[in-house]
Amino acid sequence: MERKSSSPMAPTFMVSAPGKVIVFGEHAAVYDKPAIAAAISLRSYLLVTTLSKSQRTVKLNFRDIGLDHTWKIDTLPWDVFQQPIKKKFYYSLVDSLDPELLEAIKPHAEAVSKDLPEKQRKIHIRSATAFLYLFLSLSSPESPGFIYTLRSTIPIGAGLGSSASVCVCLSAALLLQIRTLAGPHPDQPPEEAETQIERINRWAFVGELCTHGDPSGIDNTVSASGKAVVYQRNGANAPTVTPLTKFPKLPLLLIDTQHARSTATQVDKVRGLRANHEQLTESILNGIGQLTASALKLITSPGFDSRDGISRTLDHLGTLIRVNHGFLVSLGVSHPRLERIRELVDYTDIGWTKLTGAGGGGCAITLFKPDVREETVQELERDLAAEGFRIYETVLGADGVGVLWPAVFRTEGEGSEEIDQEKFENAPGAKGIEELVGVGVHENREGWKFWTRYI
Ligand SMILES: Nc1ncnc2c1ncn2[C@@H]1O[C@H](COP(=O)(O)OP(=O)(O)OP(=O)(O)O)[C@@H](O)[C@H]1O
Ligand SMILES: C[C@@](O)(CCO)CC(=O)[O-]
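Residues numbered from 1 in each chain as written. Chains lettered and ligands numbered in written order. Predicted model: local features only at pLDDT ≥ 70, side-chain atom pairs only at ≥ 80, totals over all residues. Heavy atoms only, no water.

As annotated in an unreviewed UniProt entry, the protein chain carries the name Mevalonate kinase and comes from Penicillium canescens. Among the UniProt annotations of the protein chain, the heading Sequence similarities (unreviewed entry) holds the following wording: "Belongs to the GHMP kinase family. Mevalonate kinase subfamily." On record in UniProt, under Catalytic activity (unreviewed entry), the comment for the protein chain is "(R)-mevalonate + ATP = (R)-5-phosphomevalonate + ADP + H(+)". (UniProt positions renumbered as here; feature names shortened; annotations may be inferred.)

The following block contains the structure:
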């Protein structure tokens, strides 16, 4: 098997990065009000296997989308990427794609999945473009061969930032492979951790430019940093994205309506309402802005992330979630399926619910009240599932990008266990992935380390 031929100098390793939800402020964000997004414990996992020196190939094995393609390293357009005026370094600040580099990648990205229908092929081409742009920018023609195997527990296209988490994984893996990242380490000086997270984040943004065209940067920032971020557009200038390093881990129910939505349609709806009822719409958008500011004040208050702080303030945070949903309903971006979720959850009184993201379908989140009965939650989950909703019990404020180097778990009293590529590829569903390699699932497993922002 290919894995057996790994060079001992470069062990098989794994990186992981979270998805996100918008907790406060969607839609108002379009009109320059702040929004808060937080990392969730649904994550992407990328296993990187180094091949023997004789195998001069790089293979992308993205299981969730069925992409499996191998390129010969020597046939990639290194000459275009290595021109002195084009050459970028791991520390370069890249905030736009170079059309000449994109053009050079195009035939290689378009070589994937030739036999598939156009719709599916487009998804593959997008992922391949992001990978090749990062690989050719950060790696070198002398690079050994690699296999990149990706699996994610984040549903794709549900507004949960799955593409950003994939890009954060790719960026972190490539930067680790060229040995430009140190740590993460508990004693790492805060400034060093900050620089490294930002480096991962910047290159992940480049990947997002390839997959999404015009990303805001919020998804890759929250995925790289973990916890939460505040995002604010600023007219024609670049938006500001500020990490909130003190966001606690809070249990959350994430419920997918499984009803497809278009962000653009929902944003247009609000624009239409604003055109016809300007003052009314402005006052709703201002209301959302105010409640987001109130949440921000709470989150950044001293001791908020302590156990005491959370129990003191959870009710306030929950109320803001409930009010935020009410405003979004007034803007016309809810959906009967989202209202059905809210109704079912409200009857159980287990927490506070709002739609998250653009609305019109997509997902809702429920922040749990303290001390909810497990049986009540299970009963609710059964009722939701019976009506065709998909449920994820997750955590808000999860860790950001992390690494398991080498990809071996040392379990107390049970010795060590190498992550087998075949087992990883075939782990059944999200539960299987989490049981095999999950971050935070087996708390007694040593190994996973996270870059953490302290400043
Ligand atoms: N698990 C995954 N494996 C491989 N590629 C992925 C995965 N998730 C997303 N992608 C890539 O990202 C592209 C964009 O994904 P899409 O915008 O539909 O989802 P998303 O990022 O989850 O959504 P959003 O940005 O609204 O949160 C996909 O076409 C695919 O190329
Ligand atoms: C609806 C919106 O506010 C969030 C969509 O995830 C749109 C945006 O901010 O670009």
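Following the structure, the description resumes.
**Student:** Can you tell me about the overall build of the protein chain, naming the residues and giving the values?
**Tutor:** Helix and strand counts for the protein chain stand at 13 helices and 16 strands. At 22 Å, the protein chain has a C-alpha radius of gyration in line with the 23 Å of a compact globule built from 455 residues. Once the C-alpha set of the protein chain is aligned to its principal axes, its extents read approximately 65 × 55 × 45 Å. For the protein chain, the share of sequence-separated contacts (at least 6 apart) that also reach a separation of at least 24 residues comes to 75%. Within the structure as shown, the protein chain displays about 20000 Å² of accessible surface, and the carbon and sulfur contribution to it stands at 51%. The positive charge centre, built from 49 side chains, and the negative charge centre, built from 54, are 3 Å apart in the protein chain. (Helix = DSSP H or I, 4+ residues; strand = E, 2+ residues; numbered from the N terminus. Rg over C-alpha atoms; globule rule 2.2 N^0.38 Å. Contact = heavy atoms within 4.5 Å. Areas by Shrake-Rupley, 256 points an atom, 1.4 Å probe, with all protein chains shown as cover. Lys, Arg positive; Asp, Glu negative; His and termini not counted. Charge placed at Lys NZ, Arg CZ, Asp CG, Glu CD.)

**Student:** I'd like to hear about the site of ligand 1, residue by residue, with values.
**Tutor:** The full set close to ligand 1 counts 20 residues, and Ser 127, Gly 161, Ser 162, Ser 163 and His 212 are the nearest of them. Residue Asp 64 places a side-chain N or O atom 3.0 Å away from a nitrogen atom belonging to ligand 1. Between ligand 1 and the protein, one listed contact pairs an oxygen atom with a backbone N or O atom of Gly 161 at 2.7 Å. Protein contacts shield 89% of the accessible area of ligand 1, which totals 620 Å² for the unbound molecule. For the shell around ligand 1, a count of residues per class yields seven nonpolar, nine polar and four charged. (Near = heavy atom within 4 Å. Polar contact = N/O pair within 3.5 Å; in protein donor to acceptor, adjacent residues only side chain to side chain. Nonpolar A, V, L, I, M, F, W, Y, C, P; charged D, E, K, R; others polar.)

**Student:** Describe the packing of helix H2 (residues 99–109) against helix H3 (residues 118–138), and please don't skip the residues or the numbers.
**Tutor:** In contact at an axis separation of 9 Å, H2 and H3 are set at 125° when each is read in the N-to-C sense. With respect to H3, the axis of H2 lies oblique. Crossing hand, H2 versus H3: right-handed. Within the contact between the two elements, H2 uses Leu 101, Leu 102, Ile 105, His 108 and Ala 109 and H3 uses Ile 125, Ala 128, Thr 129, Leu 132, Tyr 133 and Leu 136. The residue inventory of the contact of H2 with H3, partitioned by class, reads nine nonpolar, two polar and no charged. (Axes fitted to C-alpha atoms, helices over the stretch in contact; angles between N-to-C directions. Parallel < 35°, antiparallel > 145°, perpendicular 65-115°, else oblique. Left-handed = near helix turned anticlockwise from the far one by under 90°.)

**Student:** Which residues make up the UniProt feature "domain: GHMP kinase C-terminal" (unreviewed entry) in the protein chain, and what are the values?
**Tutor:** Here, the residues flagged by UniProt with the feature "domain: GHMP kinase C-terminal" (unreviewed entry) are residues 313–379. Secondary structure content for residues 313–379 is 57% helix and 18% strand, and the end C-alpha separation is 27 Å.

**Student:** Give a detailed account of a nonpolar patch on the surface, specifying residues and quantitative values.
**Tutor:** Taken together, the side chains of Phe 89, Tyr 90, Tyr 91 and Ile 178 make up a nonpolar region of the molecular surface, amounting to roughly 360 Å² of accessible area. As for its placement among the helices and strands, Tyr 91 is situated in the loop between helix H1 (78–81) and H2. (Patch = residues over 30% accessible without salt bridge, like charges linked within 9 Å, V, L, I, M, F, W, Y side chains within 5 Å. Salt bridge = Lys/Arg side-chain N within 4 Å of Asp/Glu carboxyl O.)

**Student:** Any details on the UniProt feature "domain: GHMP kinase N-terminal" (unreviewed entry) in the protein chain? Residues and values, ideally.
**Tutor:** As annotated in UniProt, the feature "domain: GHMP kinase N-terminal" (unreviewed entry) corresponds to residues 139–223 in the numbering used here. Counting secondary structure, residues 139–223 comes out at 53% helix and 8% strand; the distance between its end C-alpha atoms is 23 Å.

**Student:** Tell me what's going on with the pattern of salt bridges, and back it up with residues and numbers.
**Tutor:** In total, this model carries 21 salt bridges according to the counting rule given. With its nearest N and O atoms 3.7 Å apart, the salt bridge here joins Glu 118 to Arg 121. Separated by three residues within a single helix, Glu 118 and Arg 121 lie in helix H3, roughly one turn from each other. Among the residues examined, Arg 121 registers a relative accessible area of 11% and is labelled buried. (Buried < 20%, exposed > 50% of the residue type's maximum accessible area, 1.4 Å probe, protein only.)

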